[in-house]
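Structural overview for review
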Amino acid sequence: MEQSERDPRACAILGAAMEVRRQLGCGFLEAVYREAMMIELEARGIPFRCEVELPVSYKGQRLRSSYRADFICFDEVVAEIKALDKLGGVEAAQVINYLKSNRNEGRLADQLWRQVPGIQALCGFVNL
């Protein structure tokens, strides 16, 4: 399935993250935002799984180490929540490297980054 530049699923996830930030403000640890995000996703009817362990491959071989996504929503959107003022390269690399390691044609669109002080949400698409 090809995603449009502004995929409604990613926008719904990011909207939930923005509501969490609006309600809690900044200054909490990621675990607090993650738990609040679970409540918000459920309230919005967004299907999700938390702390999902995803395999990582190297040259066609599955590694014993894996990547743990904060959320997988709609069975194909990886969502990472960060308790930061703004996202940097390291944070984006978590999702981008997972997509690359699995030779996924997913994308991480710039417009899907939300720069709201205190909590950041990052989405990328995977084929599970």
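All figures in this text were calculated on a predicted structure; none of them were measured in a lab. (Residues numbered from 1 in each chain as written. Predicted model: local features only at pLDDT ≥ 70, side-chain atom pairs only at ≥ 80, totals over all residues. Heavy atoms only, no water.)

Comments concerning the packing of aromatic side chains
- Enumeration according to the criterion identifies two aromatic pairs in this entry.
- Considering the side-chain rings of Phe-28 and Tyr-33, the 6.0 Å spacing of their centres and the 80 degrees angle between planes classify their relative orientation as edge-to-face.
- Pairing Phe-48 with Phe-71 gives two aromatic rings, centres 6.0 Å apart and planes at 70 degrees, and the pair type is edge-to-face. One end of the pair, Phe-48, is in strand β1 (residues 48–58); the other, Phe-71, is in strand β2 (residues 61–73), with 23 residues separating them in the sequence.
- The exposure class of Phe-71 is buried, given its relative accessible area of 0%. (Phe/Tyr/Trp six-rings, centres within 6.5 Å; stacked < 30°, edge-to-face > 60°. Helix = DSSP H or I, 4+ residues; strand = E, 2+ residues; numbered from the N terminus. Buried < 20%, exposed > 50% of the residue type's maximum accessible area, 1.4 Å probe, protein only.)

A few points about the environment of Ile-13
- Structurally, Ile-13 is set in helix α1 (residues 8–24).
- When the C-alpha positions of Ile-13 and Ala-79 are compared, they lie 7.7 Å apart, and in sequence the two are 66 residues distant.

With respect to unusual backbone geometry
- One non-glycine residue, Glu-51, adopts positive backbone phi at about 50 degrees.
- Tracing the backbone shows Glu-51 in strand β1.
- Even without glycine at this site, Lys-59 takes up a positive phi of about 50 degrees.
- Summarising the element assignment, Lys-59 is placed in the loop between β1 and β2.

Overview of α1
- Look at α1: 24 Å from first C-alpha to last across 17 residues, which is about the 24 Å you get at 1.5 Å a residue.
- Along α1, the positions that sit buried rather than exposed are Arg-9, Ala-10, Ile-13, Leu-14, Ala-16, Ala-17, Glu-19, Val-20 and Arg-21.
- The positive-phi residue at the C-terminal boundary of α1 is Gly-25, with phi of around 75 degrees. (Expected span 1.5 Å × (residues − 1).)

Focus on a nonpolar patch on the surface
- A cluster of nonpolar side chains, contributed by Leu-24, Phe-28, Leu-29 and Val-32, occupies part of the molecular surface with about 350 Å² of accessible area.
- Positionally, Phe-28 belongs in the loop between α1 and α2 (30–43). (Patch = residues over 30% accessible without salt bridge, like charges linked within 9 Å, V, L, I, M, F, W, Y side chains within 5 Å. Areas by Shrake-Rupley, 256 points an atom, 1.4 Å probe, with all protein chains shown as cover. Salt bridge = Lys/Arg side-chain N within 4 Å of Asp/Glu carboxyl O.)

A closer look at the packing of α1 against α2
- α2 packs onto α1 with a crossing angle of 120 degrees between their chain directions and a minimal axis gap of 9 Å. It follows that α1 is oblique to α2 by the angle criterion. The crossing of α1 and α2 is right-handed. Residues Ile-13, Ala-16, Ala-17, Glu-19, Val-20 and Leu-24 of α1 lie in contact with α2, whose contacting residues are Val-32, Tyr-33, Ala-36, Met-37, Glu-40 and Leu-41. (Axes fitted to C-alpha atoms, helices over the stretch in contact; angles between N-to-C directions. Parallel < 35°, antiparallel > 145°, perpendicular 65-115°, else oblique. Left-handed = near helix turned anticlockwise from the far one by under 90°. Contact = heavy atoms within 4.5 Å.)

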